[in-house]
Amino acid sequence: MALPVRTFDAVIVGGGGSGMRAALELARADLKVAVLSKVFPTRSHTVAAQGGVAASLGNIDEDNWHWHMYDTIKGSDYLGDQDAIEFMCRKANEVVYELEHFGMPFDRLAGGKIYQRPFGGHMREYGKSPVPRACAAADRTGHALLHTLYQANLKARTQFFVEWMALDLIRAQDGTVLGVTALEMETGEVMVLQAKATVFATGGAGRIFAASTNAFINTGDGLGMAARAGIPLQDLEFWQFHPTGVAGAGVLITEGVRGEGGYLLNKNGERFMERYAPNAKDLASRDVVSRAMATEIKEGRGAGKDGDCILLKLDHLGEEVISKRLPGIREIAKTFANVDPVKDPIPVVPTCHYQMGGIPTNYRGQVVVPANGNPETVVPGFYAAGECACVSVHGANRLGCNSLLDLLVFGKSAGETVIRDLRSEGKSHRSLPGDASDLALSRLARLDGQKSGERVADVGADMRRVMQLHCGVFRFPDLLTEGVRKIKEVAERAGRTEITDKSRTFNTARVEALELDNLVETAVASLVSADARKESRGSHDRADFHQRDDVNWMKHTLWYKQGSRLEYKPVHRKPLTVEPFEPKARVY
Amino acid sequence: MRELDRIRWRCRRGLLELDLLLSGFLERRFDRLDAAERQAFTELLDQPDNDLLDLVLGRCEPAPRYRAVVEMLRAG
Ligand SMILES: Cc1cc2nc3c(=O)[nH]c(=O)nc-3n(C[C@H](O)[C@H](O)[C@H](O)COP(=O)(O)OP(=O)(O)OC[C@H]3O[C@@H](n4cnc5c(N)ncnc54)[C@H](O)[C@@H]3O)c2cc1C
């Protein structure tokens, strides 16, 4: 069936921080740009970011990009690519000042310069002492960033396709990417959006876990589309967890609660952190606390009716301290945990927060795959930026406030590369292959025709349970191996989902079924990659291989959907202009 | 009903807190709203995420015509 076709210079899938930053670069160069988003752009998940964006402006204390670079590489546990990290840290000031000129309402110092706050992991002189490096707009940095970029894009005449869902990539015989198929939710119509450049900026897939701080829209659509089109997914064993999300809801409880004297209990009422970290106890680092919690749960000392959570006790602080020093916590706990923390403990679990892996790219924003003996051959016409991409600047663990920076630097960089590529490759569109829309249409036809299939919600719930139990914050060999088998079963079931509502307009059930297809690709990639990596590095923490192994494992994982096959490629250990940072033990 | 379908999708937000609160409200309560309350709820969905969350968590007070619906959202 031939679908209607619309033609653009560039199609950007995703209207969050990275997508809108890329779009702005292109629209200001007078290219014809379309931005697709499942939700109104300023409701993208970027809106959740509160902490800020990292840049070594040095407005409060001396700082420079070398120190930022060191912190980022150390944070990445030496899996980050040092050329990309240098690129990002050197560009940070420029992209932050640009954003200021676009109208971003940063907090300011009395003299008018951008105010900077301290943040975990931001250090001066190569790890010596903390330095204020985070630029923020009150506790609404992400919100302000989205609004600023949205306004700037309207001015530059970017065309927004709001409540459109991209379904699949279109590739020519030779692999060149020629655009996407997409579903307009309002009408239920499917269309081809043809482009000389396709940029993915679809955000993360944090919803693969039962416990997740991510909004429901974070379903890894870009990863699913890439995987189905034969592009490998990189380093998906690396997920950042936060120790205290409300059990069953995912909503974050700030670390400040433990800072003020709150502590964790198992089902026997034991303050177990004393066993794992006798000195720091509940104030030990995130990974130590998360690992202890996971161990208690695995060994049968979890609280709650299913024994799958830990209790965060703070009633002993008293009502006054709680409302004065921890504003908002009481409402959050009452609303999302159904407990009043003045009287009862809050059930919490280590909760998935950020995806370090993604679609493999270089620092120019081009998608790269192994071909003809080169592990990083550019896929013509295809670019990616933001949380869906793996550049890789976060390596095995992301430094706080580096994600917003990643969106700005690599959104812009992808835009610049597209402009350069379009200039050098002439102006005409290549003709679409006859089977351009087959992949998307066959998925839709399968879903519409499915008889006696399973409910999307049931398969999704099983996927999240398997990921949480088998591939969580602390990983046990027996659970990983069994998890691989189980998640592949779930993936098969995802191919037999059935929806009862077949209407066309705003059919949320259909959208959720299509999203599940993307989630399961990410879930399988994550579990298979985690099972194979026989070391502990950054966020990937194994009970049986508890050390980092630079001899055998300082390399990037690539997972292919075809046969669920793994390959590896080297880490870029050489920066662009400075001497390499050699691996050291990561102690804080 | 097409209007409900549209509203259901617009309850998908950038903040997890709102996803949870709004989807729960839609399932439990939306049926019983009168026309004016539905209109008010629909308008609230056009608010930026942070403003809407502040309203629902009681960190600020709504304009009079949203008061009834915001009270229901707060009650859960
Ligand atoms: C609670 C929380 C707090 C955080 N705080 C910070 C912080 O302080 N500092 C920091 O640096 N980082 C922070 N992060 C991380 C950071 O916010 C995210 O990594 C970042 O915002 C992701 O931006 P993005 O542009 O890649 O994607 P998103 O903002 O997630 O946007 C994705 C876009 O893609 C669209 N989309 C997805 N799939 C499709 C499809 N199939 N078709 C069409 N459109 C599609 C969506 O509609 C959306 O517009 C935080 C994360 C969380 C969860």
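For the structure, see preceding data.
Residues numbered from 1 in each chain as written. Chains lettered and ligands numbered in written order. Predicted model: local features only at pLDDT ≥ 70, side-chain atom pairs only at ≥ 80, totals over all residues. Heavy atoms only, no water.

1. A look at the overall build of chain A
Along its length, chain A carries 16 helices and 22 strands. In terms of overall dimensions, chain A is globule-like: its C-alpha atoms have a radius of gyration of 23 Å, near the 25 Å expected for 588 residues. When each of the 588 residues of chain A is scored for burial, the buried share is 61%. By sequence separation, contacts in chain A at least 24 residues apart represent 72% of the contacts at least 6 residues apart. For chain A, the accessible surface area stands at approximately 21700 Å², while carbon and sulfur atoms represent 50% of it. Where the 73 positive side-chain charges of chain A centre and where its 73 negative ones centre are 1 Å apart. (Helix = DSSP H or I, 4+ residues; strand = E, 2+ residues; numbered from the N terminus. Rg over C-alpha atoms; globule rule 2.2 N^0.38 Å. Buried < 20%, exposed > 50% of the residue type's maximum accessible area, 1.4 Å probe, protein only. Contact = heavy atoms within 4.5 Å. Areas by Shrake-Rupley, 256 points an atom, 1.4 Å probe, with all protein chains shown as cover. Lys, Arg positive; Asp, Glu negative; His and termini not counted. Charge placed at Lys NZ, Arg CZ, Asp CG, Glu CD.)

2. Regarding the site of the ligand
All names here are of chain A. By nearness alone, 38 residues border the ligand, and Ser44, Thr46, Gly51, Glu387 and Leu404 come closest of all. Within the backbone of Gly17, one N or O atom sits 3.3 Å away from an oxygen atom of the ligand. Between the ligand and Leu404 there is a distance of 2.7 Å, counted from an oxygen atom to a backbone nitrogen or oxygen. Bound to the protein, the ligand loses 95% of the 1000 Å² it would expose on its own. Of all elements in the fold, only α1 (17-28), β2 (33-37), β9 (164-171), α5 (221-228), β16 (346-355) and α11 (402-424) reach the threshold of two or more residues within the shell around the ligand. Among the elements that make up the shell around the ligand, the one with the highest residue count is α11 (four residues). Residues belonging to the shell around the ligand are distributed by class as follows: 14 nonpolar, 20 polar and four charged. (Near = heavy atom within 4 Å. Polar contact = N/O pair within 3.5 Å; in protein donor to acceptor, adjacent residues only side chain to side chain. Nonpolar A, V, L, I, M, F, W, Y, C, P; charged D, E, K, R; others polar.)

3. Looking at the pairing of strand β11 (residues 189-200) of chain A
Residue and element names in this part refer to chain A. With respect to burial, β11 is a largely interior element, eleven of its twelve residues being buried. Where strand β1 (residues 5-13) meets β11, eight bridges bridge the pair, whose relative direction is parallel. Bridge assignment links Ala10 to a residue of β11, and that residue is Ala197. The pairing of strand β10 (residues 177-184) with β11 spans six bridges and is classified as antiparallel. When the sheet's bridge partners are listed, Glu184 is paired in β11 with Glu189. Linkage of β10 to β11, two consecutive antiparallel strands, is achieved through a turn of four residues, within which Gly188 is found at a positive phi near 75°. (Pairing = 2+ DSSP bridges.)

4. Focus on the packing of aromatic side chains
Residues and elements named next belong to chain A. Taken as a whole and assessed by the stated rule, the structure comprises 17 aromatic pairs over all chains. Judged by centre distance (5.7 Å) and plane angle (90°), the rings of Phe8 and Phe161 are edge-to-face. Taken as a pair, Phe8 in strand β1 and Phe161 in strand β8 (residues 159-162) lie far apart in primary sequence, 153 residues in all. Phe161 matches Phe8 in its accessibility class, with the two residues each being buried. Taking 6.3 Å as the distance between ring centres and 45° as the angle between the ring planes, the aromatic pair formed by Tyr126 and Phe581 counts as tilted. Placement of the pair is Tyr126 in the loop between β5 (123-124) and β6 (129-130) and Phe581 in the segment after β22 (565-570), with a sequence separation of 455 residues. (Phe/Tyr/Trp six-rings, centres within 6.5 Å; stacked < 30°, edge-to-face > 60°.)

5. Some remarks on the nonpolar core
One recurring pattern in soluble globular proteins is that nonpolar side chains are buried together. Counting 119 residues, the largest nonpolar core has A:Ile253, A:Leu264, A:Leu314, A:Ile346, A:Phe410 and B:Phe41 as its most contacted members. If you look at the next biggest cluster of nonpolar residues, it comprises 67 residues, including A:Ala34, A:Phe161, A:Val177 and A:Met191. (Core = buried A, V, L, I, M, F, W, Y, C linked by side-chain atoms within 4.5 Å.)

6. Some thoughts on the side chain of A:Arg533
All names here are of chain A. The residue Arg533 is located in the loop between α15 (508-532) and α16 (550-553) in this model. Given the relative accessible area of 0%, Arg533 is considered buried. Among the polar contacts listed, one links the side chain of Arg533 to the side chain of Glu237, at a separation of 2.7 Å. With residues near it in sequence (within four places) discarded, Arg533 still touches Leu79, Asp235, Glu237, Phe238, His540, Arg542, Trp553, Lys555, His556 and Thr557.

7. Looking at the sheet that holds strand β12 (residues 233-234) of chain A
Residues and elements named next belong to chain A. Spatial ordering of the open sheet is given by β12-β21-β22, a layout of three strands whose pairing is antiparallel. The open sheet has two edge strands, β12 and β22, and neither has a second partner. The pairing of strand β21 (residues 555-560) with β22 spans six bridges and is antiparallel. Paired with His556 across the two strands is Lys569, which belongs to β22. Sitting on the sheet, α15 is in contact with β12, β21 and β22, with an inclination near 135° to β21. (Axes fitted to C-alpha atoms, helices over the stretch in contact; angles between N-to-C directions.)

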